[in-house]
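Here is how the chains run, residue by residue.
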Amino acid sequence: MTGTLAGKVAFVAGASRGIGRTVALALAEAGAAVAVAARSEREGKVPGTIHDVADRITAGGGRALAVPCDVTNEESVESAVAATVAEFGGIDVLIANAGVLWLGPVESTPLRRWQLCLDVNLTGVFLVTRAVIPHVRARGGGSLVAITTTGVGMTERGANAYWVSKAAVERLYLGLAAELKADNIAVNCLSPSRIVLTEGWLAGGSGREIPPEAVEPPQAMADAAVLLAGQDATGITGTVQRSESLPG
Ligand code: NAP
């Protein structure tokens, strides 16, 4: 494989559909071997499986491993990361993309929704990040990217469990950039600049009408992720990036 990511190994959490699938395909297209990690191994209510995505990559001449992974479960995360290292020999790049959406106001948020947002969107990022760090360090550097949202800054639009969980991830990653600078590991957050009409958004976006100018093509996140994946702490680190603000 040739390309800007040739020889690199990327672990993409939440790669069975939506933005994670687009990013996984783009990283493979750029030459990376990709661990396609998520829970869905068989078609369910929402389309997309890790095997479909891995098969698309290998059919295109790339290297992929479908790895079952529930980011909220420590053992599941550790074994997905171990399987990736056993298959590809290490990890250079993490895209911590797995996420759930809940846009309800605080007053009408059931506790289980609040907890799900924190478990998947925050603890999930913590677990996959903690699991890959020693492997990325062993490569002499690499890049960790957590997918967040512009909603973190939209305090005039209210509060919800989703935005709160993503705000915490941004704080986690900004601090982690300082911790890992000496290891030459870049640590950044990335979000779409606008809305990407993924399976998850269509299922959880509360049926909101989105004007065409507010819709972002999935390729913007793919291009931004490839750019961030290809660098280390000598480049961009300790930042919150928006897809359409990065050079294409
Ligand atoms: P999506 O279509 O719902 O996809 C979500 C992905 O996360 C799926 O692959 C799902 O896989 C995975 N996931 C959920 N729970 C998981 C768990 N416990 N363990 C492992 N994987 C899990 O969502 P999307 O719109 O592509 O969003 C992707 C990311 O971008 C999310 O972090 C989201 O917050 C962020 N984001 C999206 C937008 C947007 O406009 N779409 C805007 C801002 C930020 P399984 O169900 O197979 O496990």
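This structure is a prediction, so every number in the text was calculated from the model and none was measured.

> Even after reading the chapter, I still don't get the site of the ligand, so can you show me in this structure?
Taken together, 28 residues surround the ligand, and among them Arg39, Ser40, Tyr162, Lys166 and Thr198 come closest. One of the backbone nitrogen or oxygen atoms of Asn97 is found 2.8 Å away from an oxygen atom of the ligand. Interatomic distance of 2.7 Å between a side-chain N/O atom of Lys166 and an oxygen atom of the ligand. Contact with the protein chains removes 92% of the 880 Å² of surface that the ligand exposes when unbound. Mapped by element, the contributors of at least two residues to the shell around the ligand are helix H1 (18–29), helix H5 (161–180) and helix H6 (199–204). Of the residues belonging to the shell around the ligand, the class tally is twelve nonpolar, eleven polar and five charged.

> Honestly, the environment of Ile57 in this entry has me stumped. Any pointers?
Structurally, Ile57 is set in helix H2 (residues 50–59). In sequence terms Ile57 and Ala26 are 31 residues apart; their C-alpha atoms lie 9.3 Å from each other. Excluding its chain neighbours within four sequence positions, the residues that come into contact with Ile57 are Ala24, Leu25, Ala28, Val34, Val36, Gly62, Arg63 and Ala64.

> Would you explain the packing of H1 against H2 in this entry?
Any two packed helices are characterised by how steeply their axes cross, that is the angle between the axes, and by the distance between the axes. The N-to-C vectors of H1 and H2 enclose an angle of 20°; their axes lie 10 Å apart at closest approach. The angle between H1 and H2 falls in the class roughly parallel. Pair H1 / H2 crosses with right-handed handedness. Contact residues: H1 offers Arg21, Ala24, Leu25 and Ala28, while H2 offers Val53, Arg56 and Ile57.

The rules behind the values
- Residues numbered from 1 in each chain as written.
- Predicted model: local features only at pLDDT ≥ 70, side-chain atom pairs only at ≥ 80, totals over all residues.
- Heavy atoms only, no water.
- Near = heavy atom within 4 Å.
- Polar contact = N/O pair within 3.5 Å; in protein donor to acceptor, adjacent residues only side chain to side chain.
- Areas by Shrake-Rupley, 256 points an atom, 1.4 Å probe, with all protein chains shown as cover.
- Helix = DSSP H or I, 4+ residues; strand = E, 2+ residues; numbered from the N terminus.
- Nonpolar A, V, L, I, M, F, W, Y, C, P; charged D, E, K, R; others polar.
- Contact = heavy atoms within 4.5 Å.
- Axes fitted to C-alpha atoms, helices over the stretch in contact; angles between N-to-C directions.
- Parallel < 35°, antiparallel > 145°, perpendicular 65-115°, else oblique.
- Left-handed = near helix turned anticlockwise from the far one by under 90°.

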